[in-house]
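Coordinates in review
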Amino acid sequence: MNTIVKQVNSVIILGLILCLVSGCASTKGSINEIAAPVNNDNITKYGGLVVQVIADTKTGSEPKLIVDEAASRIKDRIVNGIKKEAPHRFTEINAAVPGPQTILSNIRIKNFEEGNAFARFMMAGLGQMHIDADVDLSDYKTHEVLGKYEVTKTFAWGGLYGASQKITDIEEGFSDAVIETILRVSK
Amino acid sequence: MRILNLLSIILVLLSLTTGCATFREDGRATLSKWPPDAPVNKNTIALQVSGKAIANDEQMDVNEGILEQWRKEVIRAYETSGLFSAVKSGREKSDIYADVKISDKGEPNMFMAFLTGFTMFLIPSKVHECLIINTTYKDQNGKALNSVSKTECVNSWIGLFVFPAMFSNSPGTVPKDVLFDLNRSSILEANSKATFNTVSRGEP
C-alpha cells in the first residue's frame, strides 16, 4: 500500500472513530419552549419531583403497547439521569405520597416511530426514528404551570450505522433533553 | 424477532464486504518482449533507488518500509531482464549506475475520506495516484548515458462491497506490479537505445 492511500486510510479511521465516539443516535434531542417558565424566585422551594410519562400517540405511531413499554423505560432513564446529574436537587423523586412542594413533570409522548432499519441502511433519511413529546411542568398540588416545552428526537442516519441503531438508542438522547428541561426550570 | 435476526446477519455480512481495492488505469506501458534478448557480454549495474510521495502538491516522506518494497521491485525488474551479469545496490563499483527516482503523486480528497469513515463506508472514497519513475543511467565516470521516464496511474476505492475485489486488486500488490512493469518498460526503452552496450567493459 502506498503512502497516499495510507494517509487517506488514516483520515477514514479518524472519521470512523469520531462517528462511533459521538454516538449520533444518543445525542441530545431538541427542546422547544411553548410557554416560558414562570419567574418564580421560590422555584428552589420545590424539593420533590414526580415524573410521569404517558403514551398519547396518534395514528402512524407504533402500537400503544410498545409505546407504553418505551414510556416506562424513558421514565426510568429520566429519574436515574436526574439523580445522577443533580443528586442534591430533589430530596424525593416519584415518592408514593408526594410532599406539598413537588414539581409534576408530565411527559406526553405524542409521536413514537421505530422506523425501519433496512430502509435506513439503504438510504439516509428513509425509515427515520422519531420520539416527540410535550413536557409540561407544574406545581403538583396547585397545578400552577411552571413551563411548557416540546422535546423532539429524530434519527435519520443511513448505512450500517443507521441500520445498527435501535429505538432504545435514541430514547437515551430524548431522555437527556427532558432531563435538561426539568433541571433548567427547577434551577 | 426472526426478521430482526435475519436483518442482523445481512448487516454483518454486508459490513464484511468493506474493503480497499486498487485498479490500474488503461494506457499502461506495453512490454514488447520480456525478458529481452541478452547480449553476449553483460555489464554490471548498480541501482540507487529513492522515493517521495506528493499529496495535493505537498511533499511527504515515504517510510522506509514502503521504500524497501519499491526497491525490491526495481531490483526484481533488473535481475529478471537477463541483461546484466550482476545487479548491485547503492554505490558499489559497477559498469553502469542507474539512479531510479520514484514519485507517488496523488490528489486525495481528505474531506471525502473523512465522510467515508464517518458514514461507516456508506459513502466510498476514491484515491487517484500516479507512480512516476525517472531513471538516469550513467557510466563509471558519471557521464549520463540515457534518461527514461515512465508513468502509470491507479485508482483505489475504499467502501462497502469492495472486499471481493481485494483478492485480485489488493492495494498491497497492485502498486508493486505497476512498479515492476514501469521498471521493465524503462529497461526495454533504454535497451532499445543501446544504453547498456555503450559502456566500456569494466571490472565485474
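Note that the structure is predicted; figures quoted are calculated from it, not measured.

1. Brief notes about the overall build of chain B
- In terms of helices and strands, chain B carries four helices and seven strands.
- Listing each helix as α and each strand as β along chain B from the N terminus yields α-β-β-β-α-β-β-α-β-β-α.
- The buried share of chain B, taken over its 204 residues, is 36%.
- Relative to all contacts within chain B whose residues are 6 or more apart in sequence, the contacts with residues 24 or more apart total 82%.

2. Some thoughts on the overall build of chain A
- Along chain A, the regular secondary structure elements total five helices and six strands.
- What you see in chain A, going N to C, is helices and strands ordered as α-β-β-α-β-β-α-β-β-α-α.
- Counting contacts in chain A only where the partners sit at least 6 residues apart, residues at least 24 apart contribute 78% of the total.

3. A short note on unusual backbone geometry
- The amide bond that connects B:Trp34 to the next residue, B:Pro35, takes the cis arrangement and shows omega of -5 degrees.
- Although it is not a glycine, A:Asn94 adopts a positive phi angle of roughly 55 degrees.

4. Concerning the interface of chain A and chain B
- Between chain A and chain B, the residue contacts involve 24 residues of the former and 30 residues of the latter.
- In terms of residue count, the dominant contributor to the side of chain A that touches chain B is helix H1 (residues 3-22) of chain A (13 residues).
- A breakdown of the residues in the side of chain A that touches chain B according to their chemical character gives 17 nonpolar, seven polar and no charged.

5. Observations regarding the confidence of the model for chain B
Residue and element names in this part refer to chain B.
- Overall, the prediction assigns chain B a mean pLDDT of 86, with 90% of residues at 70 or greater.
- When pLDDT is averaged over each helix and strand of chain B, the minimum, 66, is found for helix H1 (residues 2-15) and the maximum, 94, for strand S5 (residues 96-106).
- Scoring of the predicted complex yields 0.64 for pTM and 0.74 for ipTM.

6. What to know about the sheet that holds strand S1 (residues 30-35) of chain A
Residue and element names in this part refer to chain A.
- A sheet is described by the order of its strands in space; here six strands give the open sequence S1-S6-S5-S4-S2-S3, paired in mixed fashion. Single-partner strands in this sheet number two, and they are S1 and strand S3 (92-93).
- Both strand S2 (residues 48-55) and S3 contribute to a ladder of two bridges, which runs parallel. Along S3, the bridge assignment pairs glycine 48 with glutamate 92.
- Against the sheet, helix H2 (residues 64-85) contacts S2, S3 and strand S4 (102-113), and its axis sits at roughly 160 degrees relative to S2.
- The strands touched by helix H5 (residues 167-186) within the sheet are S1, S4, strand S5 (129-139) and strand S6 (145-155), with S6 carrying the most contacts at an inclination of about 155 degrees.

7. Focus: the environment of B:Lys33
Residue and element names in this part refer to chain B.
- Within the secondary structure layout, lysine 33 lies in the loop between strand S1 (19-24) and strand S2 (43-55).
- Take lysine 33: there are 7 C-beta atoms within 10 Å of it, and that puts it in the exposed class.
- When the C-alpha atoms of lysine 33 and leucine 188 are compared, they prove to be 8.2 Å apart, with 155 residues separating the residues in sequence.

8. Quick word on the packing of H2(A) against H5(A)
All names here are of chain A.
- Two elements in contact, H2 and H5, have axes separated by 9 Å at closest approach and are oriented at 50 degrees. In terms of orientation, H2 lies oblique with respect to H5. In this structure, H2 crosses over H5, and the sense of that crossing is right-handed. Here Ala70, Arg73, Ile74, Arg77, Ile78, Gly81, Ile82 and Glu85 of H2 lie close against H5, whose contacting residues are Ile167, Thr168, Glu171, Glu172, Phe174, Ser175, Asp176, Val178, Ile179, Ile182 and Leu183.

9. What about helix H4 (residues 174-192) of chain B?
- With 19 residues, H4(B) extends 27 Å between its outermost C-alpha atoms, agreeing within 8% with the 27 Å of an ideal straight helix rising 1.5 Å per residue.
- Phi turns positive, to about 60 degrees, at B:Ala194, one or two residues after H4(B).

10. Quick look at the packing of helix H2 (residues 64-81) of chain B against H4(B)
All names here are of chain B.
- Put simply, H2 and H4 touch, their axes get as near as 9 Å, and they point 40 degrees apart. By the angle between their directions, the pair H2 and H4 is classed as oblique. Here the hand of the crossing between H2 and H4 comes out right-handed. Listed contacts from H4 to Gln69, Trp70, Glu73, Val74, Arg76, Ala77, Tyr78 and Ser81 of H2 are Lys176, Leu179, Phe180, Asn183, Arg184 and Ile187.
- Classifying every residue of the contact of H2 with H4 by side-chain character gives seven nonpolar, three polar and four charged.

11. Considerations on the pairing of S2(B)
Residue and element names in this part refer to chain B.
- Pairing analysis gives five bridges linking S2 to strand S4 (residues 84-89), with the strands arranged parallel. Bridging across to S4, alanine 46 finds its partner in lysine 88.
- In terms of strand pairing, S2 meets S5 through eleven bridges, oriented parallel. In the strand pairing of S5, alanine 53 is matched with aspartate 104.

Here is what the cut-offs are and how they apply
Residues numbered from 1 in each chain as written. Chains lettered and ligands numbered in written order. Predicted model: local features only at pLDDT ≥ 70, side-chain atom pairs only at ≥ 80, totals over all residues. Helix = DSSP H or I, 4+ residues; strand = E, 2+ residues; numbered from the N terminus. Buried ≥ 20, exposed ≤ 12 C-beta atoms within 10 Å, placed from the backbone. Contact = placed C-beta atoms within 7 Å. Nonpolar A, V, L, I, M, F, W, Y, C, P; charged D, E, K, R; others polar. pLDDT = per-residue confidence, 0-100. Pairing = 2+ DSSP bridges. Axes fitted to C-alpha atoms, helices over the stretch in contact; angles between N-to-C directions. Parallel < 35°, antiparallel > 145°, perpendicular 65-115°, else oblique. Left-handed = near helix turned anticlockwise from the far one by under 90°. Expected span 1.5 Å × (residues − 1).

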